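# Tertiary structure, described
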Amino acid sequence: MSKSPAKKAVKKVAKKAVAKKTVAKKAVAKKAVAKKKPAMPRLPADLKLAIKCAQDKQAIDLTVLDLRNASAFTDFFIVCTGANTKQVQAIADAVEAGLKVDGQKAALVEGYNRGEWILLDYFTFIVHVFLPAQRTFYGLERLWGGAESIEVSEG
């Protein structure tokens, strides 16, 4: 027995709908893969702790520069901003205190009294805490343009 033309038409439309759904699902899957960011490189635990301490004091625009492939004297820079000198000092204090609990002491601290640009040197990484105007003026991200910038998630 042959199928009626109406049944054939319904079956054909159903097949087309299934095919469209499959194509749409594949397109959505491709977009999802394309949106994924490259995996963040593994960061040393002490660097992560310093980042967390700075975030706890509401550091602004926190950036990590990976200098391992650049000809530099350290592996990483943590660069962040405080809204005023008190906050810049509080961020530096928090990083120092957090790392001290972890058994690390900064080899060098510069600029603390002025509170415009504080540098904390931990040999394998250096923390730079700026006021906004000083950060713009010195432009470490621009100066070390060959370094890979690592996105740091909020808090």
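This text gives an overview of the structure that appears in the document. Bear in mind that the values here come from a model prediction, so they are computed numbers and not experimental data.

## A word on the overall build of the chain
- Along the chain, the regular secondary structure elements total 5 helices and 6 strands.
- Tracing the chain from N to C terminus, the helices and strands come up as α-α-β-β-α-β-β-β-α-α-β.
- For the chain, buried positions account for 35% of its 155 residues.
- Surface exposure of the chain reaches about 10,500 Å², of which carbon and sulfur atoms provide 59%.

## With respect to unusual backbone geometry
- One non-glycine residue, Asp61, lies in positive phi territory at about 50 degrees.
- Relative to the helices and strands, Asp61 resides in strand 1 (residues 60-66).
- Phi at Phe123 is positive, roughly 70 degrees, even though this residue is not glycine.
- For Phe123, a relative accessible area of 62% gives the class exposed.

## Concerning the sheet that holds strand 6 (residues 148-151)
- In spatial order, the strands read 3-4-5-2-1-6; together these 6 strands make up an open sheet with mixed pairing. Because the sheet does not close on itself, it has two edges, and the strands there are strand 3 (108-110) and strand 6. Between one strand axis and the next, the sheet turns by 20 degrees as a mean value, whatever way the strands run.
- Taken together, the 3 bridges between strand 3 and strand 4 (residues 117-121) define a ladder with antiparallel strand orientation. Paired with Glu110 across the strands is Leu119, a residue of strand 4.
- Running over the sheet, helix 3 (residues 85-101) touches strand 1, strand 2 (76-81), strand 3, strand 4 and strand 5 (125-130) and is turned about 10 degrees from strand 4.

## Side note on the side chain of Thr74
- Examined against the element boundaries, Thr74 turns out to sit in the loop between strand 1 and strand 2.
- A polar side-chain atom of Thr74 sits 2.8 Å from the main-chain carbonyl oxygen of Phe123.
- Within the local environment of Thr74, its side chain forms a polar contact with the backbone nitrogen of Phe125, the two atoms lying 3.2 Å apart.
- Those residues in contact with Thr74, other than ones at most four positions away along the chain, are Leu67, Phe123, Thr124, Phe125 and Ile126.

Conventions and cut-offs
- Residues numbered from 1 in each chain as written.
- Predicted model: local features only at pLDDT ≥ 70, side-chain atom pairs only at ≥ 80, totals over all residues.
- Heavy atoms only, no water.
- Helix = DSSP H or I, 4+ residues; strand = E, 2+ residues; numbered from the N terminus.
- Buried < 20%, exposed > 50% of the residue type's maximum accessible area, 1.4 Å probe, protein only.
- Areas by Shrake-Rupley, 256 points an atom, 1.4 Å probe, with all protein chains shown as cover.
- Pairing = 2+ DSSP bridges.
- Axes fitted to C-alpha atoms, helices over the stretch in contact; angles between N-to-C directions.
- Contact = heavy atoms within 4.5 Å.
- Polar contact = N/O pair within 3.5 Å; in protein donor to acceptor, adjacent residues only side chain to side chain.

The analysis is restricted to geometry; functional conclusions fall outside its scope.
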